[in-house]
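An overview of the molecular structure
Listed here are the chains, written in short residue letters.
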Amino acid sequence: MLGDDLIDRICGHASDLDDDWLGVAANDLLHELFSGYPVENLTRLLRAGDDTCVRTGTWLLSELGERAAPLTGELPVLLGHPLRHVRFFALDVVLVNGRHGGVLAPALMLTQDPEAAVRWKALSFLAGASQDQLAAGAAGLEAGRVRDLTEWLAGRPASRDVVARLGDPDLTTRLFAAAAAARLAAEDTGPLEAAARAEDREISSFASERLGSSR
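Quick notes on the rules
- Residues numbered from 1 in each chain as written.
- Predicted model: local features only at pLDDT ≥ 70, side-chain atom pairs only at ≥ 80, totals over all residues.
- Heavy atoms only, no water.
- Helix = DSSP H or I, 4+ residues; strand = E, 2+ residues; numbered from the N terminus.
- Rg over C-alpha atoms; globule rule 2.2 N^0.38 Å.
- Buried < 20%, exposed > 50% of the residue type's maximum accessible area, 1.4 Å probe, protein only.
- Contact = heavy atoms within 4.5 Å.
- Areas by Shrake-Rupley, 256 points an atom, 1.4 Å probe, with all protein chains shown as cover.
- Lys, Arg positive; Asp, Glu negative; His and termini not counted.
- Charge placed at Lys NZ, Arg CZ, Asp CG, Glu CD.
- Phe/Tyr/Trp six-rings, centres within 6.5 Å; stacked < 30°, edge-to-face > 60°.
- Salt bridge = Lys/Arg side-chain N within 4 Å of Asp/Glu carboxyl O.
- Axes fitted to C-alpha atoms, helices over the stretch in contact; angles between N-to-C directions.
- Parallel < 35°, antiparallel > 145°, perpendicular 65-115°, else oblique.
- Left-handed = near helix turned anticlockwise from the far one by under 90°.
- Nonpolar A, V, L, I, M, F, W, Y, C, P; charged D, E, K, R; others polar.
- Disulfide = S-S within 2.5 Å.
- Expected span 1.5 Å × (residues − 1).
- Polar contact = N/O pair within 3.5 Å; in protein donor to acceptor, adjacent residues only side chain to side chain.

Secondary structure assignment for the chain yields 14 helices and zero strands. Mapped from its N terminus to its C terminus, the chain presents α and β elements in the order α-α-α-α-α-α-α-α-α-α-α-α-α-α. On C-alpha atoms alone, the chain measures out to a radius of gyration of 19 Å, which is about the 17 Å that the 2.2 N^0.38 rule sets for 215 residues. Dimensions of the chain, computed from C-alpha atoms along their principal axes, come out at roughly 55 × 35 × 30 Å. Burial analysis of the chain (215 residues in total) assigns 48% to the buried set. In the chain, once contacts between residues fewer than 6 apart in sequence are set aside, the share between residues at least 24 apart is 65%. Surface summary for the chain: the accessible area is close to 10200 Å², and the carbon and sulfur share equals 48%. When the 21 positive and 32 negative side-chain charges of the chain are each reduced to one mean point, those points stand 7 Å apart.

A few words now on the packing of aromatic side chains. For the structure on display, the rule yields one aromatic pair. Taken together, a centroid distance of 5.6 Å and an interplanar angle of 85° make the contact between Phe88 and Phe89 edge-to-face.

Turning next to the pattern of salt bridges. Overall, the coordinates contain 11 salt bridges when judged by the stated rule. For the salt bridge of Glu74 with Arg47, the shortest nitrogen-to-oxygen distance reads 2.4 Å. Of this pair, Glu74 sits in the loop between α4 (51-63) and α5 (75-79) while Arg47 sits in the loop between α3 (43-46) and α4, placing them 27 residues apart in sequence. Look at Glu74 and you get buried, because its relative accessible area is 14%.

At a minimum axis distance of 10 Å, the contact between helix α10 (residues 145-154) and helix α12 (residues 171-184) shows a crossing angle of 15°. Relative to α12, the element α10 lies roughly parallel. The two elements α10 and α12 meet at a crossing, and its hand is right-handed. Contacts between α10 and α12 involve Arg145, Val146, Leu149, Thr150, Trp152 and Leu153 from the first element and Thr172, Thr173, Phe176, Ala177, Ala179, Ala180 and Arg183 from the second. Residue composition of the contact of α10 with α12, by class: eight nonpolar, three polar and two charged.

On to the environment of Leu83, then. Summarising the element assignment, Leu83 is placed in the loop between α5 and α6 (84-97). Leu83 sits 29 residues away from Val54 along the chain, and the two C-alpha atoms are 9.0 Å apart. Not counting residues within four places of it along the chain, the set of residues in contact with Leu83 comprises Asp51 and Arg55.

Across all of its chains, the model carries zero disulfides by this definition. Lacking any disulfide linkage, Cys11 is separated from the closest cysteine sulfur, that of Cys53, by 4.2 Å. Taking the relative accessible area as the measure of exposure, Cys11 reaches 29% and is therefore partly exposed. Under the relative-accessibility criterion, Cys53 is labelled buried at 1%.

Along the chain, the position of Glu66 falls in the loop between α4 and α5. Residue Glu66 is classed as exposed on the basis of its relative accessible area of 63%. The spacing of Glu66 and Asp5 is 61 residues in sequence and 24 Å in space, taken between C-alpha atoms. Once residues within four sequence positions are removed from consideration, Glu66 is found in contact with Val96 and Asn97.

The end-to-end C-alpha separation of helix α14 (residues 201-213) is 18 Å, in line with the 18 Å expected for 13 residues at 1.5 Å each. Of the positions making up α14, those classed as buried are Glu202, Ile203, Ser204, Phe206, Ala207 and Leu211. Looking at the buried residues of α14, the elements they touch are α8 (116-128), α12 and α13 (190-196). Between the side-chain oxygen at the start of α14 and the backbone nitrogen of Glu202 there is a gap of 2.9 Å, and the oxygen is on Asp200.

The values are spatial; any link to function lies outside them.
As C-alpha cells, this is what we get:
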C-alpha cells in the first residue's frame, strides 16, 4: 500500500527529511487516508518516539475531522506532549471528536499552557465546544479555577458578566471570558467588541479575528 510506504519513509528517515519533502509526503498520506487508508495505521507515527513523526501524525489527525475518531484514545498523551505543535493540533481533534472527560479535561487545561499559540488554540476550542463537551470536560477536572470557569462558561453567562471578566487580572479568566464573548456573538456582539478593545493582545487579536469573520 502507498500509505504503508509513506509511513515507512517518514518513520525511517524523519530526522533526515527537509520540510519540503515532509510536506509532500504528509499531503500524499492525507490523500491516502481520505481515499480509505485505515486511520488506525497512524499509530505508527504517533507512537514512534520521534518529534517529527508525532507532529506529522497529529497534524494528519487534525485534518481528518470525524475520520480521526478511531484514534481518540491517543489524545490524552498528545495533549500532554512536550512539543507545542502536537498539543496545538490535538486540540482540533478534540473539538471534533471529544466526547468524554478523559479527553476533554486535558484539553481544557491547555488554557493554562505556557505557549501563547497553544493558549490561542485552546481559546478557539472553548469558543467552539458544545455545551455537552463543556459539561463533560468540567466533570473530568479536579476542583479549581479551570473547572469553575468551565462550569461558568457552560452555564451561558450574561453579557454583563462576560464583559466584567474581560478585565480580570487572571489570564485564564480573561481567556474564558473571550470565549464566552465569541459564543454570545450570534445574539449580542457587544462583549466580543469589548474584547477586541482589550489591552491584552492575546484577547484583542482573537476577538478582532472573530468579529471580522462574522461580518
